[in-house]
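# Summary of the model geometry
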Amino acid sequence: MWNVNNTLSRHSLILGSAIALLTACSQPIASRANEPNFSVANTGASSSPVSQPIKETTSVSQTKFRSCHANELKAVLNEVQGAVGSRYGTIKFTNAGETACILQGHPQIELLNSRGQSLPVNKDTLRSDEVGSRVTLQPRQSAYLTFKWSNWCETVPNNEIQFVVSLPQNHEQVPIVLPDAPEYHSTPPCNGPTQPSILSVGLFNSTPSP
């Protein structure tokens, strides 16, 4: 009987020691959680999806402007200068539309009489030092086009000659307003009746060209 009680007492002592040991091991963890300097280790993925900014590709898009149409452009003969046997002129195009558009390339200039019939003129490209040929026009912004006209021997009255610009992107025609001043209706001299009249056209530019 003594041996059984002694054995039970010994087992109880061992069990009690084990419980005390487990309690002692778990106590530092609980106490650390309550300390003011306790912090959870950063794993590198806890808050990055919230703090990272939105990618630029989702908030900024590349806008592709369309070509300008004839019905939204107002064009006027802006300047005319005399040269030896020629006339230099500048046409001003203003975007009268509500959105931005693009003028680009080498347009063509047609000369018409008062009945809308084409007048005989050879077309050429005006050689110049202009850089680029693409102009983006915001609403109410302007672009410029320079031309050179030489050798005019026709008998059409000057005040009946009309200028029309054909846009290179869509081939639409823009009528050019000529101011009332006489210099805007002047024609180049006849340098050779058997030679063609030549109209050389430059590029669209954001500033007037000499």
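Preceding this paragraph is the structure being described.
Here's a quick rundown of the structure. Everything numeric here is computed off the predicted structure, so don't read it as measured data.

Let us now look at the sheet that holds strand E3 (residues 86-95). Taken in spatial order, the eight strands of this open sheet run E5-E9-E10-E2-E3-E8-E11-E6, and their pairing is mixed. The outermost strands of the open sheet, each flanked by one partner alone, are strand E5 (108-112) and strand E6 (122-125). Sheet twist, expressed as the mean angle between neighbouring strand axes with direction ignored, is 30°. Where strand E2 (residues 73-83) and E3 come together, ten bridges link them in antiparallel fashion. Looking at E3, one finds that Leu-77 is bridged to Ile-91.

Attention now goes to the state of the cysteines. Under the counting rule described, the total for this entry stands at two disulfides. Here Cys-68 connects covalently by a disulfide to Cys-101, the sulfurs 2.0 Å from one another. In this structure, the disulfide formed by Cys-68 and Cys-101 twists by about 85° around the S-S bond and is classed as right-handed. Taken together, the residues span a long stretch of sequence, with Cys-68 in the loop between strand E1 (66-67) and E2 and Cys-101 in strand E4 (residues 101-104) at a distance of 33 residues. Disulfide pairing places Cys-153 opposite Cys-190 at an S-S distance of 1.8 Å.

Attention now moves to the nonpolar core. Grouped together as the largest cluster of nonpolar side chains are 32 residues, with contacts concentrated most on Ile-91, Phe-93, Leu-103, Leu-111, Trp-149, Phe-163 and Ile-176. If one sorts the elements of this core by residue count, strand E8 (residues 142-150) sits on top with four residues. Not counting residues within four places of it along the chain, the set of residues in contact with Trp-149 comprises Ser-86, Arg-87, Leu-111, Val-121, Ile-161, Phe-163, Ser-186, Thr-187, Pro-188, Ser-197, Ile-198 and Leu-199.

Turning our attention to the sheet that holds strand E7 (residues 134-137). The strand order across the open sheet built from three strands is E1-E4-E7, with neighbouring strands paired in mixed fashion. The strands lining the two open edges of the sheet, one partner per strand, are E1 and E7. Strand direction decides the pairing type here: E4 and E7, joined by four bridges, are antiparallel. Bridged to Cys-101 within E7 is Leu-137.

Before going further, it helps to examine the side chain of Glu-110. Of note, Glu-110 is situated in strand E5. Polar side-chain contacts of Glu-110 include one of 2.6 Å to the side chain of Lys-123. Excluding its chain neighbours within four sequence positions, the residues that come into contact with Glu-110 are Ser-118, Lys-123, Gln-162, Phe-163, Val-164 and Gln-173.

On to unusual backbone geometry. Although it is not a glycine, Asn-151 sits at a positive phi angle of roughly 60°. Classification of Asn-151 by relative accessible area gives buried; the value is 6%. Residue His-171 is not a glycine yet carries a positive backbone phi of 60°. You can see His-171 is positioned in the loop between strand E9 (162-166) and strand E10 (173-177).

This paragraph deals with the pairing of E4. The pairing of E1 with E4 spans two bridges and is classified as parallel. When the bridges of E4 are listed, Arg-66 appears paired with Cys-101.

Conventions adopted
- Residues numbered from 1 in each chain as written.
- Predicted model: local features only at pLDDT ≥ 70, side-chain atom pairs only at ≥ 80, totals over all residues.
- Heavy atoms only, no water.
- Pairing = 2+ DSSP bridges.
- Helix = DSSP H or I, 4+ residues; strand = E, 2+ residues; numbered from the N terminus.
- Axes fitted to C-alpha atoms, helices over the stretch in contact; angles between N-to-C directions.
- Disulfide = S-S within 2.5 Å.
- Core = buried A, V, L, I, M, F, W, Y, C linked by side-chain atoms within 4.5 Å.
- Buried < 20%, exposed > 50% of the residue type's maximum accessible area, 1.4 Å probe, protein only.
- Contact = heavy atoms within 4.5 Å.
- Polar contact = N/O pair within 3.5 Å; in protein donor to acceptor, adjacent residues only side chain to side chain.

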